[in-house]
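Listed below are the residues making up each chain.
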Amino acid sequence: MADYDVDLFVIGGGSGGVRAARVAAEHGARVMLAEEYRLGGTCVIRGCVPKKLLVYASRFRGEFEDAAGFGWTVAQTSFDWSALIANKDREIGRLEAAYGATLDKAGVRIVKARATLADAHTVQLANGERVRAAYVLVATGAAPSYGDVIPGLDHVISSNEAFHLPDFPRRVLIQGGGYIAVEFAGIFCGLGSHVTLVYRGDNILRGFDDDVRRQLRVEMEARGVKVITGCTVSAIEPAGGHYSVHLSGGNQVTADRVMFAVGRRPSVAKLGLAEAGVAIAPNGGIAVDHYSRSTAANIYAVGDVTNRINLTPVAIREGHAFADTVFGGKPTAVDHTNVPTAVFSEPEVGTVGLTETQARARLQQTDVYEAIFKPLKATLSGRDTRVMMKLVVDGQSDRVVGCHVVGEGAAEIAQVAAIAVKMGATKADFDATMALHPTAAEELVTMRKKTASYARAAAE
Ligand SMILES: Cc1cc2nc3c(=O)[nH]c(=O)nc-3n(C[C@H](O)[C@H](O)[C@H](O)COP(=O)(O)OP(=O)(O)OC[C@H]3O[C@@H](n4cnc5c(N)ncnc54)[C@H](O)[C@@H]3O)c2cc1C
């Protein structure tokens, strides 16, 4: 590798790129990393972390409401959007600096510039510099897409802008039914907005278990989010400080902000990928093998730009595995099965493994265990809410192949349940585990009777 300026050039300083750069440097590689915006990438700057901070902020409202049943008198409350955003930005700035310090310490040279490929071994930087690299890792992530061009599309914001709105919007219309749309609906609703969620499909959270989708919708509507499905935004018209949003089917909604969360596209454009011999997969991301190697022998790609499972821990694991494979003498393929995931909606969703529909399509016999119950806290708070827990079991092997939770703490529950599911725990193992009382999660080890699920009950 002596003929090259660096052993590894990483394009993109997000979750995957930063991990790969650090670990490769720790393995002894000479590493350079280019980031065109801010170190930390989507997760830290305008994704998971700031989102979760806003979710925390939005949940105080429910806590204030619930407090009365427990004897508290909550004085008049008020909410200051500017204070929240300023505090959030301070924390994000701290994290960004910490990422830079970690890379510095590992000996990675950071360049704050856009990078593209001139050929398979040559990186062109926007500051004019050219760098010859033995290996290149493309970790450029993904960016919001806006769907079809419609009148007034230029007035629409994405999640990127939602984190920096100068004023708090009293009325918000969100188009989309995926986790980002649903999470922002919960955030704005909790903070006091009137929220309308418009989605073209028949129900929110496509790809999640049908009972989860149904339960979450019921709970979101009970909290005040207006969910309109089977419909799209057809035009947005400015109307004296707000917007008149026209929906397919003829309805019209007035909103102070219109946000689209209709999908994200891998950032592959104008990177010089074709010139370097890097092919794009049918999913729109860079085509890679199990070791994240692209169709060009010395170019690898990790994270959202490959469009496999677009989550931070997955990008990090892929970046780490790449560095171990190429620079650590330890070929490592990432296992993409049974990846737990959460939706930080209100209430929360936590899930791992197969949905009931997926299990029925793949397994000879699928058993379902389900509990829908009023949580203990709701007895005194008086809140009309339910927690849902569902286990999907392979009827032949007795293995628990799916675990789905809707309710407070669902994400934390799913992370721990994922260990059992990943290990291949059986329903008998769950049953043999002592309950921890009083918790909601104890239902997962006390469900004895197979149940007809919501979806099947509705169909029957
Ligand atoms: C609103 C939102 C909420 C999310 N919430 C969660 C969550 O709760 N949990 C979870 O696991 N995941 C969440 N995600 C997804 C998660 O953020 C991504 O999966 C993760 O950040 C992907 O990491 P990455 O390294 O592939 O890309 P990114 O983190 O996007 O990093 C790519 C970096 O490359 C830079 N870049 C792009 N092109 C160039 C170039 N040519 N030259 C130099 N730099 C370039 C970009 O500026 C960016 O910093 C969320 C995403 C969004 C948008």
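It should be emphasised that the depicted structure is a prediction, and the values quoted were computed from it without experimental measurement. (Residues numbered from 1 in each chain as written. Predicted model: local features only at pLDDT ≥ 70, side-chain atom pairs only at ≥ 80, totals over all residues. Heavy atoms only, no water.)

Details of helix α7 (residues 210-222)
Part 1: The terminal C-alpha atoms of α7, which comprises 13 residues, lie 18 Å apart, in line with the 18 Å expected from a rise of 1.5 Å per residue.
Part 2: Taken together, the buried positions of α7 are occupied by Asp211, Val212, Arg213, Gln215, Leu216, Arg217, Glu219 and Met220.
Part 3: For α7, the N-terminal capping position is held by Asp209, with its side-chain oxygen 2.9 Å away from the main-chain nitrogen of Asp211. (Helix = DSSP H or I, 4+ residues; strand = E, 2+ residues; numbered from the N terminus. Expected span 1.5 Å × (residues − 1). Buried < 20%, exposed > 50% of the residue type's maximum accessible area, 1.4 Å probe, protein only. Polar contact = N/O pair within 3.5 Å; in protein donor to acceptor, adjacent residues only side chain to side chain.)

Notes on the site of the ligand
Part 1: Surrounding the ligand, one finds 37 residues, the nearest of these being Gly16, Glu35, Thr42, Lys51 and Asp304.
Part 2: Within the side chain of Tyr179, one N or O atom sits 3.1 Å away from a nitrogen atom of the ligand.
Part 3: Contacts to the ligand include Thr312, whose backbone N or O atom sits 3.0 Å from an oxygen atom.
Part 4: With the chains in place, 94% of the 1,000 Å² that the ligand exposes on its own is no longer accessible.
Part 5: At the level of elements, α1 (15-26), α2 (41-46), α3 (48-67), α6 (179-191) and α8 (312-327) are the ones that each hand at least two residues to the shell around the ligand. (Near = heavy atom within 4 Å. Areas by Shrake-Rupley, 256 points an atom, 1.4 Å probe, with all protein chains shown as cover.)

Some remarks on the sheet that holds strand β17 (residues 341-343)
Part 1: With antiparallel pairing, the five strands of this open sheet are ordered in space as β17-β18-β21-β20-β19. The outermost strands of the open sheet, each flanked by one partner alone, are β17 and β19 (366-373). Shown here is a sheet whose adjacent strand axes are inclined to one another by a mean of 10°, direction ignored.
Part 2: Sheet topology note: the β17/strand β18 (residues 349-353) ladder contains three bridges and is antiparallel. Residue pairing in the sheet places Val343 in a bridge with Val349 of β18.
Part 3: Docked against the sheet, α7 engages β18, β19, β20 (387-394) and β21 (400-406), running at close to 175° with respect to β20. (Pairing = 2+ DSSP bridges. Axes fitted to C-alpha atoms, helices over the stretch in contact; angles between N-to-C directions. Contact = heavy atoms within 4.5 Å.)

Structural notes on the side chain of Thr366
Part 1: Following the sequence through the fold, Thr366 ends up in strand β19.
Part 2: Its relative accessible area of 10% is what places Thr366 among the buried residues.
Part 3: There is a polar contact of 3.4 Å between the side chain of Thr366 and the backbone oxygen of Ala359.
Part 4: In this structure Thr366 touches Ala359, Arg360, Val392, Val393 and Gly395, once residues within four positions along its chain are discounted.

What to know about the nonpolar core
Part 1: By size, the foremost hydrophobic cluster in this structure holds 41 residues, and its most contacted members are Trp81, Ile174, Phe184, Phe188, Leu197 and Met259.
Part 2: Residue assignment for this core shows that the elements contributing at least two residues are α3, α4 (81-106), β8 (171-175), α6, β9 (194-199), α7 and β17.
Part 3: Those residues in contact with Met259 that sit more than four places away from it in its chain are Val156, Ile157, Ser158, Ser159, Ala162, Leu173, Ile174, Gln175, Ile180, Phe184 and Phe188.
Part 4: Counting 25 residues, the second-largest nonpolar core is a separate cluster that includes Ala115, Ala276, Ile286 and Ile299. (Core = buried A, V, L, I, M, F, W, Y, C linked by side-chain atoms within 4.5 Å.)

Things to note about the packing of aromatic side chains
Part 1: In this structure the tally under the stated criterion is 11 aromatic pairs.
Part 2: Between the aromatic rings of Tyr300 and Phe322, the centroid separation amounts to 5.0 Å while the plane-to-plane angle is 55°, which identifies the pairing as tilted. Placement of Tyr300 in strand β16 (residues 299-301) and of Phe322 in helix α8 is noted, with a sequence separation of 22 residues between them. In terms of burial, Tyr300 and Phe322 fall into one category: buried.
Part 3: When the ring of Phe322 is compared with that of Phe327, the centres are 6.2 Å apart and the planes differ by 85°; the resulting orientation is edge-to-face.
Part 4: On the accessibility criterion, Phe322 (1% relative accessible area) is buried.
Part 5: One aromatic cluster is present, built from ring pairs that chain together Phe79, Trp81, Phe163, Phe168, Phe184 and Phe188. (Phe/Tyr/Trp six-rings, centres within 6.5 Å; stacked < 30°, edge-to-face > 60°.)

So yeah, pure geometry; function would need other evidence.
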